[in-house]
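Here is what each chain is made of, one letter per residue.
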Amino acid sequence: MSAYIFKRMGMMILTLLLIAVLVFFLMHAIPGGPFTAQRELPPEVEKALIEKYNLDDSLMEQLFHYLGGLLKGDLGHSFKYPGMRVNDFIREGFPVSARLGLITILFVLAASIPMGIVAALKNGKWQDVVSMIIATIGVTIPSFVIATLLMYIFSHKLGWLPAFGFDKPSGYILPVVALGGYSMSFLARLMRSSLLEVLGQDYIRTARAKGLSEYKVVVNHALRNAMIPVITVLGPTIAALLTGSFVIEKIFALPGMGKHFVTSITNRDYTTILGITIFYATFLVVMVFLVDIFYVLIDPRIKYE
């Protein structure tokens, strides 16, 4: 297991390095720069800013300078907000995004797993039809459309829930539903199809032939194997929800990382774009790594080799 962990850690570092290099060159391939939009700046001031942030160096020199700071945990200064560092944006925004993400994860798991199980056990019946209609709506309609509809109905028309901020506990409801709608629907459909496939296996028929109750057949024999595909996508899903949805945070005016990321793209704030992207990528590869570790706990047939 130790050899596997070291091997995966090396792959994770290489992956993050490639992501950093790729995003760096993609950003600099876009015409303009972080000070292009500030037309009111005198030429000498703009030149001084470019020299201050080493933007007059070659791309390779800028890349190696950034990677050197990255190895020390320094994601750089913001070009748009003097005196602010990308680390500060993450330190301020991530707790908000993580709090929203944790609540959304609980909502997604509490809704999707039972929905998929009920749909599989009641295959072809009204419970299955209703569950799959809800899941299809959640998968096909974009989250920002769901967020807009929820805000219009429950905030503007009915006035039941607040549309912005986390001032009240009820303020979490609309963002959580909008953010978790797709993940809940996707996991419910995956849980249903996986459980249906497992229930058709020979060992399930053998368990039923032995006289075991349907509850024991499903819980003790079917669910464990049916959960493997769900856990496969659970790692990236958790990483995406914990780091927050940039669009949902923008719509509901939440002070998470999404606000800084969207603003940084508009302002061509290179270091902020790159820093938040690397932070998200790190979170993602770590969650995928943890999922691979949990595979063995769920199914002993899977080996680290």
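Residues numbered from 1 in each chain as written. Predicted model: local features only at pLDDT ≥ 70, side-chain atom pairs only at ≥ 80, totals over all residues. Heavy atoms only, no water.

Caption draft 1: Looking closely at helix H4 (residues 86-121). Look at H4: 49 Å from first C-alpha to last across 36 residues, which is about the 52 Å you get at 1.5 Å a residue. At Gly93, H4 shows its largest kink, close to 35°, and the proline Pro95 lies no more than four residues downstream. (Helix = DSSP H or I, 4+ residues; strand = E, 2+ residues; numbered from the N terminus. Expected span 1.5 Å × (residues − 1). Bend = angle between axes of the 7 residues up to and from the residue.)

Caption draft 2: A look at the packing of aromatic side chains. Within the structure shown, the criterion is met by six aromatic pairs. Here the aromatic rings of Phe94 and Phe279 are separated by 5.1 Å at their centres, their planes lie at 75°, and the arrangement is edge-to-face. Taken together, the residues Phe94 in helix H4 and Phe279 in helix H12 (residues 270-298) connect sequence positions 185 residues apart. Consider the rings of Tyr182 and Phe186, whose centres lie 6.1 Å apart with planes at 10°: the pair is stacked. Remark: Phe186 and Tyr182 occur in helix H7 (residues 173-199); sequence separation between them is four residues, near one turn of the helix. (Phe/Tyr/Trp six-rings, centres within 6.5 Å; stacked < 30°, edge-to-face > 60°.)

Caption draft 3: Region of interest: the packing of helix H1 (residues 2-29) against helix H3 (residues 59-71). Viewed as axis vectors pointing N to C, H1 and H3 meet at an angle of 140°, and their least axial separation amounts to 11 Å. Classed by the angle they form, the pair H1 and H3 counts as oblique. The chirality of how H1 crosses H3 is right-handed. Two secondary-structure elements touch here, H1 through Leu17, Ala20, Val21, Phe24, Phe25 and His28 and H3 through Leu59, Met60, Gln62, Leu63, Leu67 and Leu70. (Axes fitted to C-alpha atoms, helices over the stretch in contact; angles between N-to-C directions. Parallel < 35°, antiparallel > 145°, perpendicular 65-115°, else oblique. Left-handed = near helix turned anticlockwise from the far one by under 90°. Contact = heavy atoms within 4.5 Å.)

Caption draft 4: Structural detail: the environment of Phe164. Tracing the chain through its elements places Phe164 in the loop between helix H6 (143-157) and H7. When residues no more than four places from it in sequence are discounted, the contact partners of Phe164 are Met151, Ile251, Phe252 and Ala253.

Caption draft 5: Examining empty space enclosed by the protein more closely. Under the counting rule described, the total for this entry stands at one cavity of 30 Å³ or more. Around the largest cavity, the lining residues are Ser78, Lys80, Tyr81, Phe89, His260, Thr263, Ser264, Asn267, Asp269 and Thr272. For the lining of the largest cavity, the leading source of residues is helix H11 (residues 257-267), giving four residues. Taken together, the residues of the lining of the largest cavity sort by class into two nonpolar, six polar and two charged. (1 Å grid on protein atoms, 1.4 Å probe; cavity = no way out; pocket = protein on both sides within 12 Å on 5 of 7 lines; lining within 4 Å. Points joined across faces, edges and corners; volume = space filled by probe spheres on them. Nonpolar A, V, L, I, M, F, W, Y, C, P; charged D, E, K, R; others polar.)

Caption draft 6: Summary view of helix H9 (residues 214-242). Over its 29 residues, H9 extends only 36 Å from the first C-alpha to the last, a length that falls short of the 42 Å expected when each residue adds 1.5 Å. In the structure, H9 departs most strongly from a straight axis at Ala222, where the bend amounts to approximately 50°.

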